[in-house]
Amino acid sequence: MAFDTDPNNQSDQPIGRHAAGNHARQQPQSTQSMPSQSAPPRRPQQTGAFSPVVSPAEVGRSRRGKGGGQGPYMNLGPRKRSGAKVAVIAVLVIVVFIGALVGLEFGLNDGKVHHGIKVQGVEIGGMDKAEATQTLQTALDSKLAGATVRVTPSADVVKRLEESTVDDASGEVPAGEEGAEEGSVDGEASGGGSSSGGESLAWSFSAADLGASVDASALVDEAMEVGRITGFDDFASGAGARLSSWLGQVDLSATVNYDEAALETALQTIDDAIGVSMVNCGIAINADGVAQVTAGRVGEKVDAEAFAPKATAMLLGATTTSFDVPMTEIPLDIDSDEAQAVADSITAAIADPVTFVYGDDSWQIWAPMLGEWTKIETEGEGDNAKLVASIDAAKAYDGLQGQMGSVGYGTAGNATFDVSSGVPVITGGTMGIGPDIKTGVHTLGDMLYGTAEAGDRTIMLEEAEVEPEITAEDAESMGVVELITSYKLGYGSNGGTNREYNIELCLDTLNGSLIAPGQNWNWNDIVGNCDEAAGYKEANVIVNNKYEKSSGGGICNVATGVFNAAYEAGLPIVERTNHSLYQPNYPLGRDAAVSWEYPTLIFTNDTDHYILVTADYDGVDMTISIWGTSPHRTVESTNSDWSGTDKDGKSITNYRTVKDADGNVISEDTFPSYFPPVPEDDD
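Quantities reported herein were computed from a predicted structural model and do not represent experimental measurements.

Conventions used here
- Residues numbered from 1 in each chain as written.
- Predicted model: local features only at pLDDT ≥ 70, side-chain atom pairs only at ≥ 80, totals over all residues.
- Heavy atoms only, no water.
- Helix = DSSP H or I, 4+ residues; strand = E, 2+ residues; numbered from the N terminus.
- Buried < 20%, exposed > 50% of the residue type's maximum accessible area, 1.4 Å probe, protein only.
- Contact = heavy atoms within 4.5 Å.
- Areas by Shrake-Rupley, 256 points an atom, 1.4 Å probe, with all protein chains shown as cover.
- pLDDT = per-residue confidence, 0-100.
- Patch = residues over 30% accessible without salt bridge, like charges linked within 9 Å, V, L, I, M, F, W, Y side chains within 5 Å.
- Salt bridge = Lys/Arg side-chain N within 4 Å of Asp/Glu carboxyl O.
- Lys, Arg positive; Asp, Glu negative; His and termini not counted.
- Charge placed at Lys NZ, Arg CZ, Asp CG, Glu CD.
- Axes fitted to C-alpha atoms, helices over the stretch in contact; angles between N-to-C directions.
- Parallel < 35°, antiparallel > 145°, perpendicular 65-115°, else oblique.
- Left-handed = near helix turned anticlockwise from the far one by under 90°.
- Expected span 1.5 Å × (residues − 1).
- Phe/Tyr/Trp six-rings, centres within 6.5 Å; stacked < 30°, edge-to-face > 60°.
- Lys NZ or Arg CZ within 6 Å of the ring centre and 35° of its normal.
- Pairing = 2+ DSSP bridges.
- Core = buried A, V, L, I, M, F, W, Y, C linked by side-chain atoms within 4.5 Å.
- Polar contact = N/O pair within 3.5 Å; in protein donor to acceptor, adjacent residues only side chain to side chain.

**Q** Mind laying out the overall build of the protein, listing which residues take part and the relevant values?
**A** Within the protein, the secondary structure is distributed over 18 helices and 34 strands. Looking at the protein as a whole, 39% of its 683 residues are labelled buried. Counted over contacts in the protein with a minimum sequence separation of 6, partners at least 24 positions apart contribute 66%. Accessible area for the protein stands at about 37,500 Å²; split by element, carbon and sulfur atoms hold 50% of it.

Here it is in structure tokens:
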């Protein structure tokens, strides 16, 4: 607190702003201490609550101050008020100036892209949205139209292709063994990864190949946001962006959009050549009925997410050199531990046999067959993937039906073809009563892999209406509509000999046999063993180049008739053997010998429809006919001359040429026949 040091002041009151009371009093001024010259009047000294605080030193300085003032108070006002006013004025001037500049800048860019802004090097600053969009779209479309994306395998991929060919458990061609068929440099594909090492693999894609396009409107919207100020929070950043644009430092990157399907097709082209398919760990059931884990394989494919930005850079000219195809792993969905757990459960489920019972008959199914009827499928994907075992209903039905034989069809009657009129007519195909195999198979699946409680492994089959093996609908779909060829061959004289009996029994057995497209007609499967157990009688047979008596004598006569029918139909002959003794009653060079199990007779149905083999006889001649949908083939047959003698052995060769309906040669076949020397004591 300062005190007044004026000697004329008799009061000991302090000089300050807050003396007691709210009344200020004026101090008397001493006229003796005033200088002789006139001085500007001083303000009356205040005391009390609002008295200024002035120290003695300040009073002294005041007296020595400019103007010669001798009063005890310093001049507090004029100089300080002058500096503040100048500062305020300067700030106002700056604010007004900046405001004017900002206003001018905003006015110039209102509704327009800020001056100096570019997109992918294309200047669009100062343009309104419509003009900027058109300018940018034209420029970027031009870039895309002339651009090409060029890619090659990485060094790691090339090394993989050089080192080995990856085995594909799916049965497909291993990765790298097929070249890309499209999208390759200069329009050519170079494949054979494992043989060429992959160095020559390269792909080239246009923007159209990738379905590439740009949305200029969206890019312009992005450009127009640069430097826009919407509030105090973005004032600094907006102002900075505007300044950068004025300096030409803002060049936005363009984005390229890709059609998903087109990009996937392009990348699949690469994957087909260098990708590796992922194979989950699986399960195979061996011949003993033991489930075993099959190895899995981590896959590798083109990384689409990494490919797109690299392609964009090349399409827009940011890069001009080809880049390595980015690859990513395809992890296993099911590992070996997961597969092993399922394999163990399968082995345990089929370890003990299951017995099916129908009436007085029963059939026991053991682990190997239960394993054949088991299917293992992958359900779900990714982390949700799992192996699930179940019974393949179709396999189990056919397998159980095969075990049961005719019992399985009960009283149902198969559809057959009546060819007596010269045209195949479908007859039969009636339902019957027999074992309910379908329900039995369902019960089996629930027993082994379902919710059924463990216990008795016997399944009782109830009676149900059952279908025949061949329904009328099945027969209708086979395409057996006309005669393809017939072959007539003599065999007897209505003498009722054992030989004639055997021939007619054999003809009855094969009559009505059906062969699906692509399947073989096999004597052993159709006719079987012609022994005494099958009802055949003793007659002459040729054994070691001599005649002997044995069951089934005469069946070679039937085999020769079937062979010649297939021969004349132009069907491929898979297996045929001539007799060891020449038989003059057979077509020269076109006989066929059969016996259980070898030699046999096999031919193939290479037509697009089923073929039906029928046999007719009258005690003298047999007729073997082949029915189906005729391919209208023609057959030409010639023989060579005989070579050799009966004493030394002789041979002859038959030649067959088969032509299609247009006269094009389908096959040229050779059927050699060699006859060993005839024993001297042979009659």
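**Q** Now, about the confidence of the model for the protein: what can you tell me, with residues and values included?
**A** Taken over all residues, the pLDDT of the protein has a mean of 83, while the share at 70 or more is 77%. Of the regions scoring below 50 in pLDDT, residues 1–39 engages in 52 contacts with residues more than four places distant in sequence or in other chains. Note that pLDDT drops below 50 for residues 166–196; the model gives that stretch 66 contacts with residues more than four away or on any other chain.

**Q** Explain a negative patch on the surface residue by residue, including any values.
**A** Negative charge collects at one region of the surface, where Glu465, Glu467, Glu473, Asp474 and Glu476 lie side by side. With 3 residues, the single largest contributor to the negative patch is helix α15 (residues 472–477). Tracing the chain through its elements places glutamate 476 in helix α15. Its relative accessible area of 60% is what places glutamate 476 among the exposed residues.

**Q** Quick rundown of the packing of helix α3 (residues 129–145) against helix α7 (residues 216–224)? Include the residues and the values.
**A** Interaxial distance between α3 and α7 falls to 9 Å at its minimum, and their mutual angle equals 125°. Between α3 and α7, the interaxial angle falls into the category oblique. The hand of the α3/α7 crossing is right-handed. Of the residues in α7, those touching α3 at Lys129, Ala132, Thr133, Leu136, Gln137 and Leu140 are Ala216, Ser217, Leu219, Val220, Asp221 and Met224.

**Q** Run through helix α9 (residues 260–274), naming residues and quoting values.
**A** Between its terminal C-alpha atoms α9 stretches 21 Å, which fits the 21 Å expected from 15 residues at 1.5 Å a residue. For α9, the full list of buried residues reads Ala262, Leu263, Ala266, Leu267, Thr269, Ile270, Asp271, Ala273 and Ile274.

**Q** Please give an account of the packing of aromatic side chains that cites residues and values.
**A** Across all of its chains, the model carries 9 aromatic pairs by this definition. Geometrically, the ring pair formed by tryptophan 521 and tryptophan 523 is edge-to-face, given 6.3 Å between the ring centres and 65° between the ring planes. Across the pair, exposure class does not vary: tryptophan 521 and tryptophan 523 are buried alike. When the ring of tryptophan 642 is compared with that of phenylalanine 675, the centres are 5.9 Å apart and the planes differ by 50°; the resulting orientation is tilted. Residue tryptophan 642 is located in the loop between β31 (634–639) and β32 (643–645), and its partner phenylalanine 675 is located in strand β34 (residues 665–675); the two are separated by 33 residues in the primary sequence. Taken together, Trp521, Trp523 and Phe603 form an aromatic cluster joined through their ring pairs. Across from the ring centre of phenylalanine 563, 5.6 Å away, lies the NZ or CZ of arginine 576, which sits over that ring.

**Q** Can you tell me about the sheet that holds strand β20 (residues 458–460), naming the residues and giving the values?
**A** Across the sheet, which stays open at both edges, the 3 strands sit in the order β14-β13-β20 with mixed pairing between neighbours. Strands with a single pairing partner mark the edges of an open sheet, and in this sheet they are β14 (361–365) and β20. Strand-to-strand twist across the sheet, computed as the mean angle between neighbouring axes with direction ignored, equals 20°. Helix α13 (residues 393–404) rests against β13 (354–358) and β14 of the sheet, and its axis sits at about 130° to β14.

**Q** Explain unusual backbone geometry to me, and be specific about the residues and the numbers.
**A** The amide bond that connects tryptophan 596 to the next residue, glutamate 597, takes the cis arrangement and shows omega of -5°. Residue tyrosine 598 is joined to proline 599 through a cis peptide bond whose omega torsion reads 0°. Its location among the elements puts proline 599 in the loop between β27 (573–575) and β28 (602–604). Phi at glutamine 120 is positive, roughly 50°, even though this residue is not glycine. Phi angles above zero are rare outside glycine, and histidine 632 is one such case at about 55°.

**Q** Outline the sheet that holds strand β3 (residues 148–152), listing residues and values.
**A** Here 3 strands make up an open sheet; going across it, the order is β4-β3-β11 and the pairing mixed. In the strand order of this sheet, the two ends are held by β4 (203–206) and β11 (323–324), each with one partner. With respect to the sheet, α9 is in contact with β3 and β4, its orientation differing from that of β4 by roughly 175°. Those strands touched by helix α10 (residues 304–315) are β3 and β11, and its axis lies near 130° from that of β3.

**Q** Would you mind going over the nonpolar core in detail, with residue names and values included?
**A** Across soluble globular proteins, nonpolar side chains show a tendency to be buried alongside one another. Counting 49 residues, the largest nonpolar core has Ile124, Ile270 and Phe307 as its most contacted members. Among the secondary structure elements, those contributing two or more residues to this core are α3, β3, α4 (155–163), β4, α6 (207–210), α7, α9 and α10. Leave out the neighbours within four places in its chain, and phenylalanine 307 touches Val149, Val151, Leu210, Leu263, Leu267, Ile270, Val302, Phe323 and Pro326. Residues Ile555, Phe603, Val613 and Ile626 belong to the second largest nonpolar core, which totals 38 residues.

**Q** Describe in detail the pairing of strand β16 (residues 386–391), supporting the description with residues and values.
**A** Of the two faces of β16, only one is covered, namely that formed by Leu387, Ala389 and Ile391; the face formed by Lys386, Val388 and Ser390 stays uncovered. As paired elements, strand β15 (residues 374–379) and β16 share 6 bridges and run antiparallel to each other. Counted as the bridge partner of threonine 378 is leucine 387 from β16. In textbook terms, the turn of a hairpin is the stretch between consecutive antiparallel strands, and for β15 and β16 this stretch comprises 6 residues, one of which, glycine 380, has a positive phi near 80°.

**Q** Can you tell me about the side chain of asparagine 578, naming the residues and giving the values?
**A** Topologically, asparagine 578 is positioned in the loop between β27 and β28. Of note is the side chain of asparagine 578, whose polar atom sits 2.9 Å from the backbone oxygen of tyrosine 674. Contact partners of asparagine 578, with chain neighbours within four places excluded, come to Asp591, Ala593, Pro672, Ser673, Tyr674 and Phe675.

**Q** Can you lay out the pattern of salt bridges for me, pointing to particular residues and giving the numbers?
**A** The full count for this structure, using the stated rule, is 9 salt bridges. With a closest N to O distance of 2.8 Å, aspartate 221 and lysine 129 form a salt bridge. Placement of aspartate 221 in helix α7 and of lysine 129 in helix α3 is noted, with a sequence separation of 92 residues between them. In this structure, the salt-bridge partner of glutamate 568 is arginine 590, at a minimum N-O distance of 2.7 Å. A residue pair is termed long-range when its members are at least 10 positions apart, and glutamate 568 in helix α18 (residues 555–568) and arginine 590 in the loop between β27 and β28 qualify at 22 residues. A residue is classified by how much of its surface remains accessible, and glutamate 568, at 29% relative accessible area, is partly exposed. The class for arginine 590 is buried, based on a relative accessible area of 9%.

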